[in-house]
Amino acid sequence: MARYFIEVSYKGTRYSGFQIQENAVSIQSEVEKALQILHRTPMQLTGSSRTDAGVHALQNFFHFDFEQPIHPQAVYKLNAILPPDVVVHNIYAMPPEAHSRFDATSREYIYRIHRFKNPFLENASFYYPYHLDIDLLQQGANYILKQQDFSAFSKTNTQVKNFQCTILESHWLKEGENLYYHIKANRFLRGMVRLITGTLLKTGRGKISLQEFCHFFEANQKTVHSVPAHGLYLKKVDYPENYFSALPQCFTSF
């Protein structure tokens with residue numbers, strides 16, 4: 001039984017999330033269906049990083065086990081089968097112990113905001129037509145780098161008991177009238193990036209002070225300031241150095 005990683009990107013607008021769900025269309029269900037059509041046998045995928053309904057990904061991974069040879073044009077044929085808002089980039093032959101979720105060392109997210117109404121950014125960026133103090137936004141982002149306990153920035157209905165996260169990067173980028181919040185961590189809690197972004201925006205808009213923003217961490221006080229899913233992108237899933245470099249086989253779209 002051989003193990004394979006499959007690298008994907010997707011626009012999450014039409015989907016109920018990344019992970020397969022009963023009576024709902026997900027990224028996993030679409031990729032599993034395409035694999036089954038191509039290889040004429042059911043396949044079960046394990047995902048690297050779950051994304052919620054409406055969230056997009058520039059890079060995400062699944063892994064699966066398969067006894068038969070992978071079709072030599074698998075990437076090309078899978079993309080022909082998949083809907084236009086899901087794309088397969090690569091399929092990697094991996095050692096049997098490789099795990100797309102547990103072997104990942106960090107994940108990176110970006111949240112996109114546009115200040116002026118733009119029909120071409122609908123469902124791809126959050127329209128937020130308010131004046132923002134960029135210095136305050138960055139001060140809040142810098143403060144996050146020093147924190148470990150993110151229980152205040154987790155959804156209330158989660159079953160997670162460990163709220164410790166190590167933040168590796170946290171900063172804002174401005175391109176014209178568009179804003180991007182970039183955050184990288186060893187792990188994320190459910191809803192964490194959207195809650196952080198929403199609370200930072202309230203700070204940058206002057207609705208809450210920087211001291212009040214910091215107090216959410218100090219008091220473990222739950223924040224309710226979230227932002228819509230459609231502005232959020234899983235940018236990258238990081239693995240150990242040279243994780244893919246010495247692979248015996250790789251199927252690409254070229």
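Our structure's up above, just so we're on the same page.
Thresholds applied
Residues numbered from 1 in each chain as written. Predicted model: local features only at pLDDT ≥ 70, side-chain atom pairs only at ≥ 80, totals over all residues. Heavy atoms only, no water. Phe/Tyr/Trp six-rings, centres within 6.5 Å; stacked < 30°, edge-to-face > 60°. Lys NZ or Arg CZ within 6 Å of the ring centre and 35° of its normal. Helix = DSSP H or I, 4+ residues; strand = E, 2+ residues; numbered from the N terminus. Expected span 1.5 Å × (residues − 1). Buried < 20%, exposed > 50% of the residue type's maximum accessible area, 1.4 Å probe, protein only. Pairing = 2+ DSSP bridges. Salt bridge = Lys/Arg side-chain N within 4 Å of Asp/Glu carboxyl O. Axes fitted to C-alpha atoms, helices over the stretch in contact; angles between N-to-C directions. Parallel < 35°, antiparallel > 145°, perpendicular 65-115°, else oblique. Left-handed = near helix turned anticlockwise from the far one by under 90°. Contact = heavy atoms within 4.5 Å. Nonpolar A, V, L, I, M, F, W, Y, C, P; charged D, E, K, R; others polar. 1 Å grid on protein atoms, 1.4 Å probe; cavity = no way out; pocket = protein on both sides within 12 Å on 5 of 7 lines; lining within 4 Å. Points joined across faces, edges and corners; volume = space filled by probe spheres on them.

**Here we look at the packing of aromatic side chains**
Moving on, step 1. By the definition in use, this model includes 24 aromatic pairs.
Moving on, step 2. Aromatic pair Y128 and Y130: ring centres 4.9 Å apart, planes at 75 degrees, arrangement edge-to-face.
Moving on, step 3. Taken together, the ring pairs in this structure connect F5, F61, Y92, Y239, Y243 and F244 into an aromatic cluster.
Moving on, step 4. The cationic tip of R205 hangs over the ring face of Y130; the distance from NZ or CZ to the ring centre is 3.6 Å.

**Re helix α4 (residues 192–204)**
Moving on, step 1. For α4, with 13 residues, the first-to-last C-alpha span of 18 Å sits near the 18 Å given by 1.5 Å per residue.
Moving on, step 2. G206 occupies a position one or two residues after α4 and carries a positive phi of about 85 degrees.

**Side note on the pairing of strand β8 (residues 178–185)**
Within a regular strand, the side chains alternate between the two sheet faces.
Moving on, step 1. Counting buried residues in β8 gives seven out of eight residues, a clear majority hidden from the surface.
Moving on, step 2. Of the strand pairs in this sheet, strand β5 (residues 106–114) and β8 are connected by eight bridges, and their pairing is antiparallel. Along β8, the bridge assignment pairs E108 with K184.
Moving on, step 3. Of the strand pairs in this sheet, strand β7 (residues 167–175) and β8 are connected by eight bridges, and their pairing is antiparallel.

**Focus: the pattern of salt bridges**
Moving on, step 1. Within this structure, the stated rule accounts for nine salt bridges.
Moving on, step 2. The salt bridge involving D65 is made with R3; its shortest N-O contact spans 2.7 Å. Separated by 62 residues along the polypeptide, D65 in strand β3 (residues 56–66) and R3 in strand β1 (residues 2–10) bring together distant segments of the chain.
Moving on, step 3. The exposure class assigned to R3 is buried, which follows from its relative accessible area of 14%.
Moving on, step 4. Between K155 and D52 there is a salt bridge whose closest N-O contact spans 3.7 Å.

**Describing the packing of helix α3 (residues 134–145) against helix α5 (residues 210–218)**
Moving on, step 1. With their axes 10 Å apart at the nearest point, α3 and α5 run at an angle of 20 degrees to one another. In terms of orientation, α3 lies roughly parallel with respect to α5. In this structure, α3 meets α5 at a crossing whose hand is right-handed. Within the contact between the two elements, α3 uses L136, Q139, G140, Y143 and I144 and α5 uses L210, F213, C214, F217 and E218.
Moving on, step 2. Residues of the contact of α3 with α5, tallied by class, amount to seven nonpolar, two polar and one charged.

**Some points on the layout of surface pockets**
Moving on, step 1. Taken as a whole, the largest pocket spans an internal volume of roughly 1,000 Å³.
Moving on, step 2. If you go around the largest pocket, you meet 33 residues; those closest to its centre are S49, R50, T51, F188 and R190.
Moving on, step 3. Among the secondary structure elements, those contributing two or more residues to the lining of the largest pocket are β2 (46–47), β5 and α4.
Moving on, step 4. Residue contributions to the lining of the largest pocket peak at three residues, all from α4.

Scope: geometric values only; no functional claims are made or implied.
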